[in-house]
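Residue strings, one per chain:
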Amino acid sequence: VLLALERNVDVLVSRFGLDRSEANRLLATAYPNPEYQFSQEGLSGGFERETNNIQYHRIEQTIEGFGTRRHRRIAADAGLDEARAEFQDTVRLLVFELKNTFYEALLAHANLTAAEANLARFRDVVAITDLRVQHGEIPEADLIRAQVEALRFEDEVASAGLALAAAKTRLAILVGLEGPVDALEIMGSLEQDVD
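Within each chain, residue numbers correspond to sequence positions counted from 1 in written order. Two thresholds apply to this predicted model, a pLDDT of at least 70 for residue-level local features and 80 or more for giving and counting side-chain atom pairs, whereas whole-chain, interface and lining totals are computed over all residues. The basis for every side-chain value is the complete set of non-hydrogen atoms in the structure, without hydrogens or water.

### Let's talk about the overall build of the protein chain
Point 1. Only runs of H or I of at least four residues qualify as helices and only runs of E of at least two qualify as strands under DSSP, and these elements are numbered from the N terminus. Helix and strand counts for the protein chain come out as 4 helices and 2 strands.
Point 2. Going from N to C terminus, the protein chain has its helices and strands arranged as α-α-β-β-α-α.
Point 3. Relative to a compact globule of 195 residues, whose C-alpha radius of gyration would be 16 Å, the protein chain shows 35 Å and is clearly more extended.
Point 4. Pairs at least 24 apart in sequence give 67% of the contacts found in the protein chain among residues at least 6 apart.
Point 5. Under the convention used here, a 1.4 Å probe and the Shrake-Rupley method define accessible areas, while residue burial counts only the protein chains that appear. Per element, the accessible surface of the protein chain, about 14,500 Å² overall, is 56% carbon and sulfur.
Point 6. Of the side-chain charges in the protein chain, 20 are positive and 33 negative, and the distance between the mean point of each set is 8 Å. Radius of gyration: over C-alpha atoms. The globule rule applied is 2.2 Å multiplied by the number of residues raised to the 0.38 power. Contacts: residue pairs with any heavy atoms within 4.5 Å of one another. His is not counted here, nor are the chain ends, while Lys and Arg score as positive and Asp and Glu score as negative. By convention, charge coordinates are those of NZ in Lys, CZ in Arg, CG in Asp, or CD in Glu.

### Re the packing of aromatic side chains
Point 1. Here is the rule: rings of Phe, Tyr and Trp (six-membered ring for Trp) pair when centre to centre is within 6.5 Å. Planes less than 30 degrees apart are stacked, more than 60 are edge-to-face, and the remainder are tilted. Counted by the stated rule, this structure contains 2 aromatic pairs.
Point 2. Between the aromatic rings of Phe 102 and Tyr 103, the centroid separation amounts to 5.5 Å while the plane-to-plane angle is 70°, which identifies the pairing as edge-to-face.
Point 3. Buried residues are those whose accessible area, probed at 1.4 Å on protein chains only, stays under 20% of the maximum for their type, while exposed residues exceed 50% and partly exposed ones sit between those limits. Taking relative accessible area as the criterion, Tyr 103 reaches 43% and is therefore assigned partly exposed.
Point 4. A ring pair is formed by Phe 122 and Phe 153, whose centres lie 5.0 Å apart and whose planes are at 35°; its orientation type is tilted. With a gap of 31 residues between them, Phe 122 in helix 3 (residues 68-134) and Phe 153 in helix 4 (residues 140-175) connect regions that are remote in the sequence.

### Digging into the pattern of salt bridges
Point 1. Each reported salt bridge corresponds to a side-chain nitrogen of Lys or Arg within 4 Å of a carboxyl oxygen of Asp or Glu. All chains considered together, the criterion is met by 11 salt bridges.
Point 2. Each of Arg 25, Arg 73 and Asp 77 takes part in one network of salt bridges that share partners.

### What to know about helix 3
Point 1. Each helix should span, by expectation, one fewer than its residue count multiplied by 1.5 Å. End to end, helix 3 covers 97 Å across 67 residues, agreeing with the expected 99 Å (1.5 Å per residue, within 8%).
Point 2. Once helix 3 finishes, Gly 136 follows within two positions and takes phi at roughly 80°, a positive value.

### A look at a nonpolar patch on the surface
Point 1. In this scheme, patches are assembled from residues that exceed 30% relative accessible area and form no salt bridge. Like charges are connected within 9 Å, while nonpolar side chains (Val, Leu, Ile, Met, Phe, Trp, Tyr) are connected within 5 Å. Among the surface-exposed residues, Tyr 36, Phe 38 and Ile 59 lie close enough to one another that they form a single nonpolar patch of about 370 Å² accessible area.
Point 2. Mapped onto the elements, Phe 38 comes out in strand 1 (residues 35-41).

### Side note on the packing of helix 3 against helix 4
Point 1. Only C-alpha atoms enter the line fits that serve as axes; for helices the fit covers just the stretch in contact. Angles between N-to-C directions range over 0 to 180 degrees. The interhelical angle for the contact between helix 3 and helix 4, taken along N-to-C directions, is 160°, at an axis separation of 8 Å. When the axis of helix 3 is compared with that of helix 4, the two are roughly antiparallel. Relative to helix 4, the crossing made by helix 3 is left-handed.
Point 2. The classification used treats Ala, Val, Leu, Ile, Met, Phe, Trp, Tyr, Cys and Pro as nonpolar, Asp, Glu, Lys and Arg as charged, and all other residues, Gly among them, as polar. Classifying every residue of the contact of helix 3 with helix 4 gives 23 nonpolar, 7 polar and 11 charged. By the definition adopted for this analysis, an angle is roughly parallel if under 35 degrees, roughly antiparallel if over 145, roughly perpendicular if from 65 to 115, and oblique otherwise. Each crossing is labelled by how the near helix is turned from the far one, with a counterclockwise turn of less than a right angle marking it left-handed and a clockwise turn marking it right-handed.

### Structural notes on the environment of Tyr 31
Point 1. The topology assignment puts Tyr 31 in the loop between helix 2 (9-29) and strand 1.
Point 2. On the accessibility criterion, Tyr 31 (61% relative accessible area) is exposed.
Point 3. Each C-alpha atom of the pair Tyr 31 and Ser 159 lies 65 Å from the other, and the pair is 128 residues apart in sequence.

### Side note on the packing of helix 2 against helix 3
For any two helices packed against each other, one specifies the crossing angle of their axes together with the interaxial distance.
Point 1. Viewed as axis vectors pointing N to C, helix 2 and helix 3 meet at an angle of 170°, and their least axial separation amounts to 8 Å. In terms of orientation, helix 2 lies roughly antiparallel with respect to helix 3. Of the two possible hands of crossing, helix 2 and helix 3 adopt the one that is left-handed.
Point 2. A breakdown of the residues in the contact of helix 2 with helix 3 according to their chemical character gives 8 nonpolar, 7 polar and 10 charged.

### Things to note about the layout of surface pockets
Point 1. Residues are said to line a cavity or pocket when one of their atoms sits within 4 Å of a point; the points come from a 1 Å grid over protein atoms alone, cavities being sets where a 1.4 Å probe fits but cannot get out and pockets being open sets with protein on both sides within 12 Å along at least five of seven lines. Grid points are joined across faces, edges and corners, and a volume is the space filled by probe spheres set on the points. Considering only enclosed or pocket space, the largest pocket measures out at about 150 Å³ in volume.
Point 2. Surrounding the largest pocket, Val 1, Leu 3, Ala 4, Leu 98, Phe 102, Leu 171, Val 175, Leu 177, Leu 184, Glu 185, Ile 186 and Met 187 form its lining.
Point 3. Those elements that provide at least two residues to the lining of the largest pocket are helix 1 (2-7), helix 3 and helix 4.
Point 4. Across the lining of the largest pocket, the residue classes tally to 11 nonpolar, no polar and 1 charged.

### Thoughts on the side chain of Ser 21
Point 1. Among the secondary structure elements, Ser 21 is positioned in helix 2.
Point 2. Among the residues examined, Ser 21 registers a relative accessible area of 12% and is labelled buried.
Point 3. Once you skip the residues sitting within four places of it in the chain, Ser 21 turns out to touch Gly 79, Leu 80 and Ala 83.

So this is what it looks like as structure tokens:
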């Protein structure tokens, strides 16, 4: 969770929005700065003497009415509260999705382990069935049925492997990890703690 809070793109964007709202609040409480403008007419470029050279200097100061700054600060505070709520909601949703995806990966890993164990056991059944066919104890059709059933278990192993790879990929994206996800090792327990 800590790694996801540091690297997740949605959290980073939400944190930037929070920083921007804090900056807007600081700007809302500041007094407006005076503005200075300068312009000049009649410049000749230096080759001839210009007699109509006019310079304009202008200083402006905004004078706010009563309560304007206070209302601006109240609006900025509301914007900051909204940004904080959005940030907290982004973190809450990320943690929920991260935990959900982690347990999906744990379940996919457990399913893959179980499918591989079932396949290994059924391969033993196929080997025993083959021996029984060779000794003439059962018909060859039983061997063919067992081999077809073994193919179904191989499909289950492949499907469980794909589900695990997909869960690892989603987990790596949420956390912000780069590189191959095959090296990502999922460790944990699916058992629920009951107090």
